[in-house]
Amino acid sequence: MAMALKPLKEATVVMSEDSTPTLSVIAPLHAQLLHDTETGFSGEMPIVREIKQTIHEDLSKRYCTVREKSMLHAASTLDPRFKALPFLSQDEQQDIYSKVIAEAAALKRHRRSMLRSQVPQMKDKMINTLLFPKEGTLH
């Protein structure tokens, strides 16, 4: 029985050792739990196999939507501890790297656009403040 629950104990220890566990830990830990609860290893007692199978089936239902996976994988990509994404296939790694880079580029474009639109307003405000320090506006 203890052998069947060992992966869950290890996951609990990992999460409890981190003073502030973050989203980036979930995908690698989930992948590790799925791997550790796979059945079919020779020498396992039937009860251990059954417990592992039940745990594996339950875990397989979690974090399975494209949106959830994408969010968790992106968080892991940005965390230096997991940025190599060893729990994903090479195709999945390339896909998430591309998505993260595209999102960063989009954020950069958005920021530039926001700054460009704010510069004229900031410029007018600075001129008004310099020319009319008490009122702060042109009349």
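The present account deals with the structure reproduced in this document. (Residues numbered from 1 in each chain as written. Predicted model: local features only at pLDDT ≥ 70, side-chain atom pairs only at ≥ 80, totals over all residues. Heavy atoms only, no water.)

Broken down by element type, the chain carries five helices and zero strands. Mapped in sequence order, the helices and strands of the chain form the string α-α-α-α-α. Taking 14 Å as the expected radius of gyration for a compact globule of 139 residues, we find that the chain reaches 25 Å, considerably beyond that expectation. Expressed as lengths along the three principal axes of its C-alpha atoms, the size of the chain is roughly 85 × 30 × 25 Å. Expressed as a percentage of the 139 residues in the chain, the buried residues total 22%. Within the chain, residue pairs in contact and separated by at least 24 positions form 48% of the contacts whose partners lie at least 6 positions apart. Surface accessibility of the chain: about 10600 Å² in total, with carbon and sulfur atoms responsible for 61%. Charged side chains of the chain number 19 positive and 17 negative; the gap between the two group centres comes to 11 Å. (Helix = DSSP H or I, 4+ residues; strand = E, 2+ residues; numbered from the N terminus. Rg over C-alpha atoms; globule rule 2.2 N^0.38 Å. Buried < 20%, exposed > 50% of the residue type's maximum accessible area, 1.4 Å probe, protein only. Contact = heavy atoms within 4.5 Å. Areas by Shrake-Rupley, 256 points an atom, 1.4 Å probe, with all protein chains shown as cover. Lys, Arg positive; Asp, Glu negative; His and termini not counted. Charge placed at Lys NZ, Arg CZ, Asp CG, Glu CD.)

Its identity as a non-glycine residue notwithstanding, Tyr63 has a phi of 55°, on the positive side. Tracing the chain through its elements places Tyr63 in the loop between helix H3 (46-60) and helix H4 (66-78). We classify Tyr63 as partly exposed; its relative accessible area is 35%.

Turning our attention to the side chain of Ser76. Tracing the sequence through the fold places Ser76 in helix H4. We classify Ser76 as buried; its relative accessible area is 0%. Discounting residues that sit within four places of it in the chain, Ser76 has contacts with Ser24, Ala27, Pro28, Phe82, Lys83, Leu85 and Phe87.

This next bit is on the environment of Gln32. Position of Gln32 among the secondary structure elements: in helix H2 (residues 26-36). Measuring from C-alpha to C-alpha, the distance between Gln32 and Pro7 comes to 8.3 Å, with 25 residues separating the pair along the chain.

With that settled, the discussion passes to the packing of helix H1 (residues 2-17) against H2. At a minimum axis separation of 10 Å, H1 and H2 run at an interaxial angle of 165°. The angle between H1 and H2 falls in the class roughly antiparallel. H1 and H2 meet at a crossing whose hand is right-handed. Between H1, through Pro7, Leu8, Glu10, Ala11, Val14 and Met15, and H2, the contact on the second element is made entirely by Leu29, Leu33 and Asp36. For the contact of H1 with H2, the per-class residue count stands at seven nonpolar, no polar and two charged. (Axes fitted to C-alpha atoms, helices over the stretch in contact; angles between N-to-C directions. Parallel < 35°, antiparallel > 145°, perpendicular 65-115°, else oblique. Left-handed = near helix turned anticlockwise from the far one by under 90°. Nonpolar A, V, L, I, M, F, W, Y, C, P; charged D, E, K, R; others polar.)

Quick look at the nonpolar core now. Where a protein is soluble and globular, its nonpolar side chains tend to be buried together. Listed in full, the 11 residues of the largest apolar core are Ala4, Ala11, Val25, Leu29, Leu33, Leu34, Val48, Ile51, Ile55, Leu59 and Phe82. Breaking this core down by element, the ones donating at least two residues are H1, H2 and H3. When residues in this core are grouped by element, the largest group, four residues, is from H3. With residues up to four places along the chain from it excluded, the contact list for Ile55 reads Ala4, Leu5, Leu8 and Thr37. (Core = buried A, V, L, I, M, F, W, Y, C linked by side-chain atoms within 4.5 Å.)

Shape descriptors only; they carry no functional weight alone.
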